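Descriptive analysis of the structure
Spelled out from the first residue to the last, the chains are:
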Amino acid sequence: MPKHIVSGLKYIAAVNLTKQGHSQREIAKALKINRSTVSHYLNGRNLSWRSIEIARVITEMCPRDFLLLTHSLTQNTEMTRTIVKTCQQREFKGNVRNSCIGCGLCVDTCLRKAITLRDLKAHVDSEWCCGCLICVDMCPTDSIEIKEVEIDGNDRSN
Ligand code: SF4
Ligand code: SF4
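Residues numbered from 1 in each chain as written. Chains lettered and ligands numbered in written order. Predicted model: local features only at pLDDT ≥ 70, side-chain atom pairs only at ≥ 80, totals over all residues.

**Looking at the site of ligand 2**
Taken together, 15 residues surround ligand 2, and among them Cys110, Arg112, Cys129, Cys132 and Cys135 come closest. Among the residues forming the shell around ligand 2, the class breakdown is 11 nonpolar, three polar and one charged. (Near = placed C-beta within 6 Å. Nonpolar A, V, L, I, M, F, W, Y, C, P; charged D, E, K, R; others polar.)

Here it is, written out as structure tokens:
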């Protein structure tokens, strides 16, 4: 069953990537499947609709559950990054306070590879942050703040 749910997640990602204007070749590369499988997906062939329903429920979970469940199903970090980036409808931005000591724990923890260290200070790349807050829980100096933003760029908390 996990394999079928992963196919459901890839189907949803393939549909979204198509809507974003990506070619079947690009979609196949991003999802690590061959072009004929992409074509089958987009034509609704070789798929269990029940698996798609379950996959859709997963994409609508809170960011952390969506990320961790997808990662545990795919067992593949790069594919997880692609699926979450493609299917998540929410946006987040991160801010790192000056109290950061550059320990790198958040960099190692982030499954989206959204954090880098520059001059011994962490930086969050909003393009890849999915708002799972795992880095916030992990940081020993409470230096990371993650906020959800509206599509127009405003903080939802404001
Ligand atoms: S875990 Fe916290 S202190 Fe360590 S690098 Fe990340 S933000 Fe800085
Ligand atoms: S909340 Fe933190 S751990 Fe989660 S994706 Fe964003 S930067 Fe990475």
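The structure having been displayed, the exposition proceeds.
**Structural notes on the site of ligand 1**
Residues in contact with ligand 1 amount to 15 residues; listed here are only the nearest, Cys100, Cys103, Cys106, Ala122 and Cys139. Here the shell around ligand 1 is composed, by residue class, of 11 nonpolar, four polar and no charged.

**Points about the environment of Ser143**
Looking at the secondary structure, you find Ser143 in the loop between helix H8 (134-138) and strand E4 (144-149). In this structure the C-alpha to C-alpha distance between Ser143 and Gly21, which are 122 residues apart in sequence, comes to 38 Å. Setting aside residues no more than four positions away along its own chain, Ser143 makes contact with Val96, Arg97, Ser99 and Cys100. (Helix = DSSP H or I, 4+ residues; strand = E, 2+ residues; numbered from the N terminus. Contact = placed C-beta atoms within 7 Å.)

**Here's the deal with the nonpolar core**
Note on soluble globular proteins: their nonpolar side chains tend to be buried together. Core analysis: the biggest nonpolar cluster contains 36 residues, and Ala13, Ala14, Ile27, Leu31, Cys106 and Ile115 have the highest contact counts within it. At seven residues, the largest contribution of residues to this core is made by helix H1 (residues 2-19). Residues contacting Cys106, with those up to four places away along its chain left out, are Ile115, Ala122, Cys135, Met138, Cys139 and Ile144. (Core = buried A, V, L, I, M, F, W, Y, C linked by C-beta atoms within 7 Å. Buried ≥ 20, exposed ≤ 12 C-beta atoms within 10 Å, placed from the backbone.)

**Overview of unusual backbone geometry**
We note that Lys32 has phi near 55°; this positive angle belongs to a residue other than glycine. In this structure, Lys32 sits in the loop between helix H2 (24-31) and helix H3 (35-42). Look at Lys32 and you get partly exposed, because 13 C-beta atoms sit within 10 Å. Although it is not a glycine, Lys113 sits at a positive phi angle of roughly 55°. Locating Lys113 in the fold gives a position in the loop between helix H7 (105-109) and strand E2 (115-118).

**Points about the domain arrangement of the chain**
Segmenting the chain into domains produces domain 1 (2-87) and domain 2 (91-149). Counting residues at the interface gives nine residues for domain 1 and nine residues for domain 2. Where the side of domain 1 that touches domain 2 is concerned, the elements lending two or more residues are helix H5 (63-74) and helix H6 (77-87). Considering every element that reaches the side of domain 1 that touches domain 2, the biggest residue donor is H6, with five residues. Its residues assigned to classes, the side of domain 1 that touches domain 2 shows three nonpolar, three polar and three charged. (Domains from an automatic or database assignment.)

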